[in-house]
Amino acid sequence: MATTLIGCIQSDKEKGAKHFEQTLDALGGKEALLNLKSFQISTTGSSYATHMGLLPNDVKKTSTYSKKYTVEIKSWSIRTDANRQFTYVPEHGFPEQRYRVVTVDGIGSVSNGAHPLGLPGGVLPSQAVASMEKSMKLMNPQLLLKEVLEGKRDIQFGGTTTHEEQAFNILIVSDDVAPIKLYIHAESGTISMLETIENNMILRDVALVVTYKNWEIAKTLAFPMEVEITVAGNRLHHQLKTEVIEDLTIEEDFFALPKTNTTPKHDKEAYLTGLNTHHIHDEFFEIAGLYYIEEVSLTPTRLAQGIYQVRDNSANHLGGMIVEQENGVVVIEAHTSKAVSDELIKIVEKLFPNKAITHLIQSHHHVDHASGVRTVISQGADLVVGNGVGSWWKDVLKAKSTIRPDGMSKFTEQPVVLEIESKGKMTISDNNIEITAYHILENPHALDMVITKVETENEIFLYEADLYNAGFGFTMAFGGPQSLFKAMKRLELIDDNCASPKPLTIIPGHGRPMKLNDAIVELNKVDIDVGCANDINK
C-alpha cells in the first residue's frame, strides 16, 4: 500500500521519508532545491517523430539542434534560443534555422526563423505552450520535487523494484494528467528514470519514459547531463547538456515575448489538452509546425450532387470528403482529432439526416490525418486502409483511452477493418456514384497510402493526401507529385499524355481543389516534372 507524503514529508511515513530525503541529498540538498531561483542550460540534441514515417512505428529523426534554455522559476518563464537543422525531409536541403521561443506562465510566442519555408513567427497556442513547459520539467525532474517541497504536488512511496540487477525505490508524484513514477537508485539516491502515461492522438494511452544519466552538480544543485525521452517505446528526444549555470543575473526584458500581431492568451482547456498530449505537440514543433488539435472550423463545399469537400479552416488546413450513396455515406479522411471528427459527424447528420456513415476511407496513418479514425469508426462504419496496416489498425481501435476517452472507449462491437491488397483497389458503388480506393505503394511518404476516385456520370474527383498540395506549388513529400502522376497513369486514371477520360479534379488533403490541367501548369511553374505537357485537356 502506498504511503502518502503530502507537501513536506510527514514524520510517521518513515520509509518514504527516508528515500525522499536520500533523493534530495543526491540532488544537493533540500535547501539548494528550495533556493533555486533560475538556471541556464546549454544543450545539443536530436528530436524524433513516430507514426510520421513510411509505416506505423517508424521513427524519423526530425531535427538536430543546439539550444540554450533560460528558466526563471518564480515567474515560470522559459526562453529558448535555438539553432536547428531540419532533417525530416533532408532532400529539401533547408538551411539551419535560428529562432527564439519565450513562454511565460502559460502564454508564449515564437520569433521568425522557426519555419523552413520562411513563414513568420507568432503566438503559440496554449497546447504548444503546455507541451514546452512540461518538457522542461521532464528534462529536469528536480523541478517536480521542488514543487513537492513547495506543497504544489503530493508524493507517495511506491515500493521497490529491480532492473538489470540493480535496486530502485519508487516515488510517485501527483500530476494533472497521470501519476509520475520516479525510479530512485537505491544506493546513490539519484533519479534514474521517470515513467508516466500520456494520450497519443491515434494510439491513445501510451507510456512516456525518461531516462537520466550523468548527474552533475552545477553550483549547488545536480542536473542530469544526458536525457532521453521515449513514447510507446519510441525515441522522442535525446539531449546532452554541455553547460549548466545556476542563479544567473537576468536582464529586465530578457523574457519579453517575441513581437506578434496578436496578443497571447491563456486557454485553460487547451493548456490541459497540451499537457495530456505533450509529445504530439513536441513532435510537430520540431517538424516546424503546430498542431491545433482543439480548433474546429469545418466547412462543407458542394462539389457535385451528394459530394462535398469538408475543409478545416483553422490552422490545421486539412480537407476530406463526404459522399452520399443509396445505402449511406462514405467519409474520406478522418481529420486531425476527436474534436474535429465530432464536428465532421455533425455535418454528415445535417446534410444527410437519414443516412449513417457506412465506410471511412483513410489515406494513410500519419497523426495529422488519422487522429479522428476512432471517432468516425465508433459510428459503426467500416474502416478501409492501405496494405500492410490492417492488423495495426485493429489494435488501435481496441486500445484503452482513459486519459482522453473517445467513442471507441464504449464501443462494444468488433470493428471491421478492410485492408486493400498491395497495389490493389476496393470499390464501393451504387447506381449513381462509384467510389474506388487504390493502394499506392510507389510513393515516398507512406507505404499504406490510399488515393480515392469518386466518379459520377460526368466527372471524376480524386482525393489524395500529402503527395501534392495543390494550390501551394509545394509538398513536404519530396517526389510526391511525381509518384502521384505515375500512379494515376498505372491506374489508367489518365493516359500517357496525361489526358483523363472525364473532367478530373484533384482534391488534396492540404491545398485546394484543382482541375487536372491547372495542376499540371502549377507543377510546371515550379519545375516539378510529372511527365505531362502543360497544354493538355484545355
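First, a word on scope: everything that follows refers to the structure included in this document. The structure displayed is predicted, hence computed values, not measured ones.

For the rest of this paragraph, the subject is the overall build of the protein chain. Counting its regular elements, the protein chain contains twelve helices and 27 strands. Its C-alpha atoms give the protein chain a radius of gyration of 26 Å, near enough to 24 Å, the size a compact globule of 538 residues would have. Seen through its C-alpha atoms, the protein chain measures out along the principal axes to roughly 80 × 50 × 45 Å. Across the protein chain, the fraction of contacts at a sequence separation of at least 24, relative to all contacts at a separation of at least 6, is 58%. Element-wise, carbon and sulfur atoms account for 47% of the exposed surface of the protein chain, whose accessible area totals about 22300 Å². The protein chain carries 51 positive and 70 negative side-chain charges, and their two centres are separated by 2 Å.

Once that is clear, we can look at the sheet that holds strand β24 (residues 450–455). Across the sheet, six strands lie side by side as β22-β23-β24-β25-β26-β27; this open sheet has mixed pairing. Both edges of this open sheet fall to β22 (425–429) and β27 (514–515), since each of them pairs with a single strand only.

Tracing the sequence through the fold places H19 in helix α1 (residues 14–27). In this structure H19 comes out as buried when scored by relative accessible area, which is 10%. Filtering out sequence-adjacent residues up to four positions away, H19 remains in contact with F157, N169 and L171.

Reading across from one edge, β15-β16-β17-β18-β19-β20-β21 is the order of the seven strands in this open sheet, with mixed pairing throughout. Two strands lie at the open edges of the sheet, namely β15 (298–304) and β21 (417–419), each paired on one side alone. Neighbour-to-neighbour, the strand axes of this sheet turn through a mean angle of 20 degrees, independent of strand direction. Relative to strand β19 (residues 357–361), strand β18 (residues 328–332) is paired through four bridges, and the arrangement is parallel. Its bridge partner lying in β19, V329 is registered against I357. Set on the sheet, helix α10 (residues 390–398) makes contact with β20 (382–385) and β21; between it and β21 the angle comes to about 165 degrees.

Next up on the list: the nonpolar core. Ranked by size, the top nonpolar core spans 87 residues in total, and within it F39, L145, L194, I322, V373, L383 and W393 carry the most contacts. Here the element with the most residues in this core is strand β13 (residues 222–231); it accounts for six residues. When near neighbours in sequence (up to four residues on either side) are disregarded, I322 contacts G306, I307, Y308, V310, V329, V330, V331, L344, I347, V348, L351 and F352. If you look at the next biggest cluster of nonpolar residues, it comprises 28 residues, including M449, I460, F485 and A519.

A separate point is the pairing of strand β17 (residues 319–325). Of all the seven residues making up β17, six are buried; the element is thus mostly covered by neighbouring parts of the structure. Two strands pair when backbone bridges link them, and strand β16 (residues 307–312) and β17 are joined in this way by five bridges, in the antiparallel orientation. Within β17, the residue paired with Q309 across the bridge is M321. Here β17 runs beside β18; their pairing, made up of five bridges, is antiparallel. Residue pairing across strands places M321 opposite I332, the latter belonging to β18.

Within the structure shown, the criterion is met by one disulfide. Between C498 and C532 runs a disulfide, and the two sulfur atoms are separated by 1.8 Å. The chirality of the disulfide connecting C498 with C532 is left-handed, given an S-S dihedral of about -70 degrees. One end of the pair, C498, is in the loop between α11 (480–490) and β26 (504–508); the other, C532, is in the segment after α12 (516–525), with 34 residues separating them in the sequence. Using a relative accessible area of 0% as the deciding quantity, one classes C498 as buried. Classification of C532 by relative accessible area gives buried; the value is 10%.

Cut-offs applied
Residues numbered from 1 in each chain as written. Predicted model: local features only at pLDDT ≥ 70, side-chain atom pairs only at ≥ 80, totals over all residues. Heavy atoms only, no water. Helix = DSSP H or I, 4+ residues; strand = E, 2+ residues; numbered from the N terminus. Rg over C-alpha atoms; globule rule 2.2 N^0.38 Å. Contact = heavy atoms within 4.5 Å. Areas by Shrake-Rupley, 256 points an atom, 1.4 Å probe, with all protein chains shown as cover. Lys, Arg positive; Asp, Glu negative; His and termini not counted. Charge placed at Lys NZ, Arg CZ, Asp CG, Glu CD. Pairing = 2+ DSSP bridges. Buried < 20%, exposed > 50% of the residue type's maximum accessible area, 1.4 Å probe, protein only. Axes fitted to C-alpha atoms, helices over the stretch in contact; angles between N-to-C directions. Core = buried A, V, L, I, M, F, W, Y, C linked by side-chain atoms within 4.5 Å. Disulfide = S-S within 2.5 Å.

That's the geometry; what it means functionally is another story.
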